[in-house]
Amino acid sequence: MVTAKPKKTSPTWIDVKAKVADFDRAGLLGVLQDLYAGSKDNQAFLHARFGLGGDVLEPYKVIINRWLWPDVLKNQFTSVSAAKKAIADYNRATGQPEGLAELMVFYCECAAGFSDSVGYEDGVYFDALMSMFEQALKLSVTLPVDQRDVLLDRLDDVRRISNDFGYGLGDGMNMLFAKHGVDG
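What comes next is a walk through the structure.

So, how was this worked out
- Positions within a chain are numbered from 1, following the residues in the order the chain's sequence is written.
- A pLDDT threshold of at least 70 governs which residues receive local features in this predicted model, and a stricter bar of 80 or more applies before side-chain atom pairs are shown or counted, although totals over entire chains, interfaces and linings include all residues.
- With hydrogens and water stripped out, all remaining heavy atoms of the structure feed into the side-chain values.
- Buried Ala, Val, Leu, Ile, Met, Phe, Trp, Tyr and Cys residues form a nonpolar core when they are joined through side-chain atoms within 4.5 Å.
- Each residue's exposure class comes from its accessible area (1.4 Å probe, protein chains only) as a fraction of the maximum for that residue type: buried when under 20%, exposed when over 50%, partly exposed otherwise.
- Secondary structure is summarised from DSSP: a helix means a run of H or I of at least four residues, a strand means a run of E of at least two, and numbering begins at the N terminus for each.
- The working definition used for a salt bridge is a side-chain nitrogen of Lys or Arg within 4 Å of a carboxyl oxygen of Asp or Glu.
- Every axis corresponds to a line fitted to the C-alpha atoms, with the helix fit spanning only the stretch in contact, and the corresponding angles, defined between N-to-C directions, vary from 0 to 180 degrees.
- Two helices crossing with the near one rotated counterclockwise from the far one by less than a right angle form a left-handed crossing, whereas a clockwise rotation gives a right-handed crossing.
- Here a residue-residue contact requires only that any non-hydrogen atoms of the pair lie within 4.5 Å.
- Under the scheme applied here, ten amino acids are nonpolar (Ala, Val, Leu, Ile, Met, Phe, Trp, Tyr, Cys and Pro), four are charged (Asp, Glu, Lys and Arg), and all others, including Gly, are polar.
- To count toward a patch, a residue needs a relative accessible area over 30% and no salt bridge; like charges are then connected within 9 Å, while nonpolar side chains (Val, Leu, Ile, Met, Phe, Trp, Tyr) are connected within 5 Å.
- Using a 1.4 Å probe, the Shrake-Rupley method yields the accessible areas, and only the shown protein chains count as cover for residues.
- What counts as a ring pair is set by centres within 6.5 Å for rings of Phe, Tyr and Trp (its six-membered ring), and what kind of pair is set by the plane angle: stacked under 30 degrees, edge-to-face over 60, tilted for all other angles.
- Each ring is checked for a lysine NZ or an arginine CZ that lies within 6 Å of its centre and within 35 degrees of its normal; such an atom marks a charge sitting over the ring.
- Note on terminology: angles under 35 degrees are roughly parallel, angles over 145 are roughly antiparallel, angles of 65 to 115 are roughly perpendicular, and the others are oblique.
- Here, the term disulfide refers to a pair of cysteine sulfur atoms separated by no more than 2.5 Å.

## Points about the nonpolar core
Here comes step 1: By size, the foremost hydrophobic cluster in this structure holds 46 residues, and its most contacted members are Ile-64, Tyr-107, Phe-133 and Leu-155.
Here comes step 2: When residues of this core are traced back to their parent elements, those giving at least two are α3 (40-50), α4 (58-68), α5 (80-93), α6 (97-118), α7 (123-140), α8 (145-162) and α9 (169-179).
Here comes step 3: When residues in this core are grouped by element, the largest group, twelve residues, is from α6.

As structure tokens, then:
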């Protein structure tokens, strides 16, 4: 008689949560300390979550800038997904709309600035820029006036730069500004 092997399943959050419930305060702090020491990403997450340090957005901006404005002299390449991951990581850490909008606008500035600076033309890169531009615009118009106006001015600069790229990018951004009632 052949018996079926038990299926191996990967641990889930439910399994981790059950183990964490067994920890006392000191044990839980020890786990957090190990996670903190484990990677810069964990450190950035905890700093953002607890509002520690000077500019909690800086580590995320460094990542976005690296992947959207690579050093072409060092044969670095772009990665839209790595830049977007930084924004998602920040959102998971805090969910603060002001910081999220700032990172989205910064993403647009980096992408447009790099394309303008080196003449970079890539349809996927431009599609991602358009998508992030729309998300940044939608979020920015929901913020208090003082924050909103600064971000919209920066997005307007991105829109103006992008008018020279082709691929319908500038026209699309113009339509989004009109759709959201933003003068540009």
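## Remarks on the pattern of salt bridges
Here comes step 1: Applying the stated criterion to the full structure yields eleven salt bridges.
Here comes step 2: Among the salt bridges present, the one from Arg-154 reaches Glu-102, with a minimum N-O distance of 2.6 Å. Of this pair, Arg-154 sits in helix α8 while Glu-102 is found in helix α6, placing the two residues 52 residues apart along the sequence.
Here comes step 3: The partner of Glu-134 in a salt bridge is Lys-138, and the shortest N-O contact between them spans 3.8 Å. Placement of both Glu-134 and Lys-138 in helix α7 is noted, with a separation of four residues, approximately one turn of the helix.
Here comes step 4: Take Lys-138: its relative accessible area is 42%, and that puts it in the partly exposed class.
Here comes step 5: The structure contains a network of salt bridges with shared partners spanning Lys-61, Glu-102, Glu-109 and Arg-154.

## A closer look at the packing of α6 against α7
Here comes step 1: Interhelical geometry of α6 versus α7 gives an angle of 150° and a closest axis separation of 9 Å. In terms of crossing hand, the pair formed by α6 and α7 is left-handed. Only Tyr-125, Phe-126, Ala-128, Leu-129, Met-132, Phe-133, Gln-135, Ala-136, Leu-139 and Ser-140 of α7 make contact with α6, whose side of the interface consists of Pro-97, Leu-100, Ala-101, Met-104, Val-105, Tyr-107, Cys-108, Cys-110, Ala-111, Ala-112, Phe-114 and Ser-115.
Here comes step 2: Residues belonging to the contact of α6 with α7 are distributed by class as follows: 19 nonpolar, three polar and no charged.

## Observations concerning a nonpolar patch on the surface
Here comes step 1: A cluster of nonpolar side chains, Phe-23, Leu-28, Leu-29, Val-31, Leu-32 and Leu-35, forms an exposed patch at the surface whose accessible area comes to about 470 Å².
Here comes step 2: Inspection of the secondary structure assignment puts Phe-23 in the loop between α1 (13-20) and α2 (25-38).
Here comes step 3: Classification of Phe-23 as partly exposed rests on a relative accessible area of 39%.

## Details of unusual backbone geometry
Here comes step 1: With phi around 60°, Asn-75 is a residue other than glycine that occupies positive phi space.
Here comes step 2: On the accessibility criterion, Asn-75 (69% relative accessible area) is exposed.

## Description of the packing of aromatic side chains
Here comes step 1: The final tally for this structure, using the stated rule, is nine aromatic pairs.
Here comes step 2: Aromatic pair Tyr-120 and Tyr-125: ring centres 4.9 Å apart, planes at 85°, arrangement edge-to-face.
Here comes step 3: According to the relative accessible area criterion, Tyr-125 is buried, its value standing at 2%.
Here comes step 4: Ring plane angle 55° and centroid distance 6.4 Å describe the contact between Tyr-125 and Phe-126, whose orientation is recorded as tilted.
Here comes step 5: Its end group placed over the ring of Phe-106, Lys-61 keeps NZ or CZ at 5.3 Å from the ring centre.
Here comes step 6: Positioned above the aromatic ring of Phe-77, the side-chain terminus of Arg-66 is 5.9 Å from the ring centre.

## Remarks on the packing of α8 against α9
Here comes step 1: It is at 8 Å that the axes of α8 and α9 come closest, and there the two elements cross at 150°. Classed by the angle they form, the pair α8 and α9 counts as roughly antiparallel. Crossing of α8 over α9 shows left-handed handedness. On α9, the residues touching Leu-152, Leu-155, Asp-156, Val-158, Arg-159 and Ser-162 of α8 are Leu-169, Gly-170, Met-173, Asn-174 and Phe-177.
Here comes step 2: Residues that form the contact of α8 with α9 fall into these classes: six nonpolar, three polar and two charged.

## Things to note about the state of the cysteines
Here comes step 1: In this structure the tally under the stated criterion is zero disulfides.
Here comes step 2: Looking at Cys-108, it has no disulfide partner, and the nearest cysteine sulfur is the one in Cys-110, 9.5 Å off.
Here comes step 3: Taking relative accessible area as the criterion, Cys-108 reaches 0% and is therefore assigned buried.
Here comes step 4: Taking the relative accessible area as the measure of exposure, Cys-110 reaches 4% and is therefore buried.

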